[in-house]
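Structural features, examined
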Amino acid sequence: MFYYCMKNVLMATKVNDSAFEGFSKELTGVDVKVDRLRSGLKELDGLKDGELEQRLVNYNVLVVRSDKVDKRIMDASRSLELVIRAGAAVSDIDVNYATQMGVIVSNTPGRNSNAVSELVFSFMLDAYRHAREAHLRMVKGEFPKADFVGRELRGKRIGILGYGNIGQLVAEKSAAFGMKIVAYDPLVGNELFGRYGTVRATTIDECFNADIVTLHMPLTEGTKGAIGLDQLKNMNTNGLLINTARAGLIDEDTLIGFMWERTDVRYAADVHYGGDKEGLKKVLERFPSRVLATPHIGGNTYEANSNAFIAAAMQLRSFVEKGIAQNAVNYNPLSEAGRPYADAARLIASFASHLFTGNVSGANITYRGYVPDMDAVTGYALAAILGGGDVNPVNARSRFDSRKLNLTVTCESPDDTRRDIEVTINDGDENVSVSGALFDNMIRITGINGYQTDYGPVGSHLVVHHRNEVGAIGKIGTAIGDVGINIAYVKNVSRGGNALTLVTTDRTVEGGVIDKITGELDPHYIRQFRVD
């Protein structure tokens, strides 16, 4: 997984031909095969589990827009490695289950931002100038000029909750309209405030002391229901509340209660409570003339769709060509600089796991010197320790946690130029420790259970720990050569009265060879295995 090979990709979302062509063009020369569902994953509704698996089992990558990728979809997609959300929010993807399955989930933040910010201004202009209502009256043959005295945006105070990509674009446009801007976002640095004349608010409440309040916060456990009556009641007379983020930021009953109390306030929303068909039904039924609702179209422009799918294609290219999952939301991404360290950690841990014969109860991983992407690198080591099956660098740490295995990760001398990794596996009684290092991106085993050595980890190996006696190496070599197996490399290191002999062969030795060596040397242990 995550290594360079052809990927089967399913465009599992409804997309127009132009955006699909842009996606495909960006993948020119990339080793992928792309199929397409014209109606998105809804096209597969009604299929039984076996039929669904038959449709999805061979795909390594799913590309989606606002389609729901749940447990059933992922269970059916047995070869799945990556889900790319062409957009920012991943609330329609079961990210926790994806992590358990070892599937990376990534997104393309910022590609819809301008589209959403422009919808915010369409809400403002409509609410302040009544263009939609005036048009409908004129369709009826009326000319009600006197009924539509509007307000101007210039000089109005706007409160922006959430000052990420969208919030900053709203501020930029607000400045162009001559508005006064205040914004709240505890996660954004001071350097981004002050542009466009934006004043930084220290509390959410400060943003509601405004004529217009627009929400651009993510929906998390910490922000769910964060906007309550105490904040809403502070809005200026004839205020406008805009929500193009998530409905759950304001409890629906709280919103209704507020609008009953403040008959001067209007609400514009591109979000919905409950299912798509429910929308803002309860709010619209009670306040049809004071609510402007759209069916989640904030990012639904030709330009945004095209940008999102081009970004998805660029991420796919990186994944296929470099094994790098950009913008992963459930996995610490590995950079090009971190790739050699990940390979080293994987090979060193794999070598150690083959020497280890007990039931793993814990592991210690020690890095000496600077290691980029250390969390991601550790995932590769843990996956090698747990060994194959459905364990990979995405879910290895969670598997360690779920099995209640002890894990210690340390980094010694992080500013040092050394590039050493030591992996120790234990079961309470047995400990196997293997260390290795990178030399000009060449990986070498430098130590095994206290024996210092210099040995390549890749290939078929025979490892013999025995008494240090004359002729021992010759007996090992003869036993291997007698069955026609070529020896590529031999390394013998001694310590006290014992020795460790490491042999790289052109293929795995048969059991008869091991029996012969065991009979002649009576070794402390003998292991034969392959590391790739």
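Structure: above.
Cut-offs applied
Each chain carries its own residue numbering, running from 1 in the direction its sequence is written. Only residues with pLDDT of at least 70 are given local features in this predicted model, and only at 80 or more are side-chain atom pairs given and counted; all residues enter the totals for whole chains, interfaces and linings. For side-chain calculations, the full set of non-hydrogen atoms in the structure is used, while hydrogens and water are omitted. We count a stretch as a helix when DSSP gives it H or I for four or more residues in a row; a strand needs E for two or more, and each element gets its number in order from the N terminus. Relative accessibility decides the category of a residue: with a 1.4 Å probe and only protein chains considered, values under 20% of the type maximum give buried, values over 50% give exposed, and everything between is partly exposed. Accessible surface area values rest on a Shrake-Rupley calculation with a 1.4 Å probe, where residue burial reflects the displayed protein chains alone. Working convention for charge: Lys and Arg count positive, Asp and Glu count negative, and His plus the chain ends are omitted. The atoms used to mark charge sites are NZ of Lys, CZ of Arg, CG of Asp and CD of Glu. Contact criterion: two residues are considered in contact whenever any of their non-hydrogen atoms come within 4.5 Å of each other. To form a nonpolar core, buried Ala, Val, Leu, Ile, Met, Phe, Trp, Tyr and Cys residues must be joined to one another through side-chain atoms within 4.5 Å. A residue counts toward a patch only above 30% relative accessible area and without a salt bridge, and it is joined to like-charged neighbours within 9 Å or, for Val, Leu, Ile, Met, Phe, Trp and Tyr, to nonpolar neighbours within 5 Å. The salt bridge criterion pairs a side-chain nitrogen of Lys or Arg with a carboxyl oxygen of Asp or Glu, the two atoms within 4 Å. A pair of strands counts as paired when DSSP detects no fewer than two bridges linking them. Look down the strands so they point away from you; if the path from the first strand over the helix to the second goes clockwise, the crossover is right-handed. Helix axes are fitted only over the stretch in contact, all axes being lines through C-alpha atoms; the angle between N-to-C directions runs from 0 to 180 degrees. By convention, a stacked pair of Phe, Tyr or Trp rings (six-membered ring in the case of Trp) has centres within 6.5 Å and planes under 30 degrees apart, an edge-to-face pair has planes over 60 apart, and any other such pair is tilted. Only lysine NZ and arginine CZ atoms are considered, and such an atom sits over a ring when it is within 6 Å of the ring centre and within 35 degrees of the ring normal. Here the arc refers to the set of directions running from the helix axis out to each C-beta atom.

1. So, the overall build of the protein
Looking only at helices and strands, the protein has 17 helices and 22 strands in total. Expressed as a percentage of the 532 residues in the protein, the buried residues total 50%. Summed over all atoms, the accessible surface of the protein reaches about 24,900 Å², with 48% contributed by carbon and sulfur. Averaging the coordinates of the 59 positive side-chain charges in the protein and doing the same for the 65 negative ones gives two points 5 Å apart.

2. Examining the environment of Asn441
Inspection of the secondary structure assignment puts Asn441 in the loop between β16 (431–439) and β17 (442–448). Under the relative-accessibility criterion, Asn441 is labelled partly exposed at 48%. Between the alpha carbons of Asn441 and Arg339 there is a distance of 9.8 Å; along the sequence they are 102 residues apart. With sequence-adjacent residues up to four places away left out, Asn441 is seen in contact with Pro340 and Arg419.

3. Digging into the nonpolar core
Counting 74 residues, the largest nonpolar core has Phe23, Val63, Leu316, Phe351, Leu355, Ile385 and Val434 as its most contacted members. In this view, Val63 contacts Val9, Leu10, Met11, Ala12, Thr13, Phe23, Ile84, Phe309 and Ala312; residues no more than four positions away in its chain are not counted. Ranked by size, the runner-up nonpolar core spans 32 residues in total, among them Ala210, Leu241, Tyr267 and Val283.

4. Digging into a nonpolar patch on the surface
A contiguous nonpolar patch, built from Ile473, Ile487 and Val490 and spanning about 210 Å² of accessible area, is present on the exposed surface. By the secondary structure assignment, Val490 is in strand β20 (residues 487–495). Given the relative accessible area of 38%, Val490 is considered partly exposed.

5. Let's talk about the sheet that holds strand β9 (residues 212–215)
On the basis of which strands lie adjacent, the open sheet formed by seven strands has the order β8-β7-β6-β9-β10-β11-β12 and parallel pairing. The two strands at the open ends of the sheet, each matched to only one other strand, are β8 (199–200) and β12 (291–293). Bridge analysis of β9 against strand β10 (residues 240–243) gives four bridges, and the strand direction is parallel. Bridge assignment links Ile212 to a residue of β10, and that residue is Leu240.

6. Regarding the pairing of strand β6 (residues 157–161)
Burial analysis of β6 places four of its five residues in the buried class, the great majority of the element. Note that β6 and strand β7 (residues 180–184) share five bridges and pair parallel. Counted as the bridge partner of Arg157 is Lys180 from β7. At this point the chain moves from β6, through helix α7 (residues 165–176), to the parallel β7, and the crossover so formed is right-handed. Bridge analysis of β6 against β9 gives four bridges, and the strand direction is parallel.

7. Brief notes about the sheet that holds strand β18 (residues 451–455)
Strand order across the open sheet formed by six strands is β14-β13-β15-β16-β17-β18, with mixed pairing between neighbours. Only two strands of the sheet have a single partner each, and these edge strands are β14 (406–412) and β18. Neighbour to neighbour, the strand axes of the sheet diverge by 20 degrees on average, direction disregarded. Note: strand β13 (residues 362–368) against β14, seven bridges, orientation parallel. Within β14, the residue paired with Asn364 across the bridge is Thr408. Packing of helix α13 (residues 339–355) onto the sheet brings it into contact with β15 (420–426), β16, β17 and β18, and relative to β16 it is tilted by some 150 degrees. Packing against the sheet, helix α14 (residues 374–386) makes contact with β13, β14 and β15, and its axis sits at approximately 140 degrees to β13.

8. Re the packing of aromatic side chains
Tallied over the entire structure, the rule returns six aromatic pairs. Consider the rings of Phe121 and Phe177, whose centres lie 5.1 Å apart with planes at 25 degrees: the pair is stacked. Of this pair, Phe121 sits in helix α5 (residues 113–129) while Phe177 sits in the loop between α7 and β7; the two residues are 56 residues apart in sequence, bridging distant segments of the chain. Among the aromatic residues, ring-to-ring pairing joins Phe351, Tyr455, Tyr489 and Phe529 into one connected group. One cation-aromatic arrangement involves Arg36 over Phe20; the distance from NZ or CZ to the ring centre is 4.4 Å.

9. Re helix α16 (residues 472–481)
All of the buried residues along α16 are Ala472, Ile476, Ala479 and Ile480. Take α16 and look down its axis: the buried residues cluster within an arc of 100 degrees, on one side only. Packing partners of the buried residues in α16 comprise β19 (459–467), β20, β21 (498–505) and α17 (511–521).

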